[in-house]
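Structural description and commentary
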Amino acid sequence: MSENDEHDHDHGHHEDGSPLNYADDSRHDFSETDHYPLLVEAIRQLLIEKEIVKARDVQERLDFMDSRGVEHGARIVVKAWTDPDYKARLMAEGTAAVKELGIPMEDLELLVVENTAEIHNLIVCTLCSCYPRAILGLPPDWYKSKTYRSRAVNEPRSVMREFGTIIPDNITVRVHDSNADMRYLVLPERPAGTQDWSEQHLTELITRDCLVGITVPAIS
Amino acid sequence: MSATPSGEIMPAPVYGTGDTVSIFVAFPPGHRRTPNYIKGKTGVIERYCGAFINPEERAYGLAGLPKRHLYRVRFNQTDIWDDYDGSAIDTLDIEIYEHWLRS
């Protein structure tokens, strides 16, 4: 990142009300020669040198982490939209219901929260960036940003509006602070007019952002 | 009383769904899982989540046992923020360990 790029960044509220760039404060100043990246690399090399792990194990783990993505989350949602019995199991015991689909969940405690005509759910982790990586992959930069983490609990409707999501005042906005041991998946409402859609077609409606609750599935 | 996987015995959960609770106000140093914005606020137990290794001890290489009971507590947003500018029906759910809860 060049010096000029850094000076282009603008922190805090824009006075003209234009959307904030949520990527700014987590990307800012990141460099492979910073303290933490160097520390991680040193630990990796030591673990390999002392034969506690093999280089191949580390690479396989990285590949596994990269292999997880929103397609898992989308499969879960489409299954819940099209199979009422599955949806009931998913709402009652999220982790077990996801394992049913053959998706590896490790020790994750998954809680599925459903958007309805009365409630819209939004996920944030104010303390760090807890995120259901097993089913959504790596979190986006905005989710990890201090801007999002502080504002999502205090002014969720304003934050959602900046992502183009306007929730009417007669619908409860329920924020979930994912600050401890549970992980959250938003089950969006199935859009009206999609009764005859194929599973493939429905899957295309589901984005990472709507599974965090910052947007809702939109028919273009 | 229930046994943890390690065989340690811990007391049963103190609170149940629907109980009114307040979040303890304290500022101990170190790794804590209760954010400042919720301290001193009053909400209602939404559900009991189970017992988990205490991350506030685990962070320092301790075993974090016996496990601690974890709850989800629901708050009205207008009870958390004096300047909340959303709808009066908006809520926030957060996970709180039992040692941070008061009746």
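Predicted model, so just to flag it, every value in this text is computed and none were measured.

1. Some thoughts on the overall build of chain B
The helix and strand inventory of chain B stands at 2 helices and 7 strands. Of the regular secondary structure in chain B, the N- to C-terminal order runs β-β-β-β-α-β-α-β-β. Here the C-alpha coordinates of chain B stretch approximately 50 × 30 × 20 Å along the principal axes. Taking all 103 residues of chain B together, the buried fraction comes to 25%. Sequence-distant contacts, at least 24 apart, represent 55% of the contacts inside chain B between residues at least 6 apart.

2. Quick word on the confidence of the model for chain A
Parts of the model with low pLDDT should not have their predicted coordinates read in detail. Residues of chain A with pLDDT of at least 70 account for 86%, and the chain-wide mean is 87. pLDDT under 50 marks residues 1-18 of chain A. Its contacts with residues more than four places away, or in other chains, come to 6 contacts.

3. Observations concerning the environment of alanine 74 of chain A
Residue and element names in this part refer to chain A. Here alanine 74 shows up in helix H5 (residues 70-82). Given 22 C-beta atoms within 10 Å, alanine 74 falls into the buried group. With 61 residues separating them along the chain, alanine 74 and isoleucine 135 place their C-alpha atoms 8.7 Å apart. Setting aside chain neighbours within four positions, we find alanine 74 in contact with Thr203 and Ile206.

4. Notes on the packing of H5 of chain A against helix H6 (residues 84-92) of chain A
Residues and elements named next belong to chain A. Interhelical geometry of H5 versus H6 gives an angle of 125° and a closest axis separation of 5 Å. Considered as vectors, H5 and H6 are oriented oblique to each other. The residues of H6 that touch H5, namely those facing Ile76, Lys79 and Ala80, are Tyr86, Lys87 and Leu90.

Cut-offs applied
- Residues numbered from 1 in each chain as written.
- Chains lettered and ligands numbered in written order.
- Predicted model: local features only at pLDDT ≥ 70, side-chain atom pairs only at ≥ 80, totals over all residues.
- Helix = DSSP H or I, 4+ residues; strand = E, 2+ residues; numbered from the N terminus.
- Buried ≥ 20, exposed ≤ 12 C-beta atoms within 10 Å, placed from the backbone.
- Contact = placed C-beta atoms within 7 Å.
- pLDDT = per-residue confidence, 0-100.
- Axes fitted to C-alpha atoms, helices over the stretch in contact; angles between N-to-C directions.
- Parallel < 35°, antiparallel > 145°, perpendicular 65-115°, else oblique.

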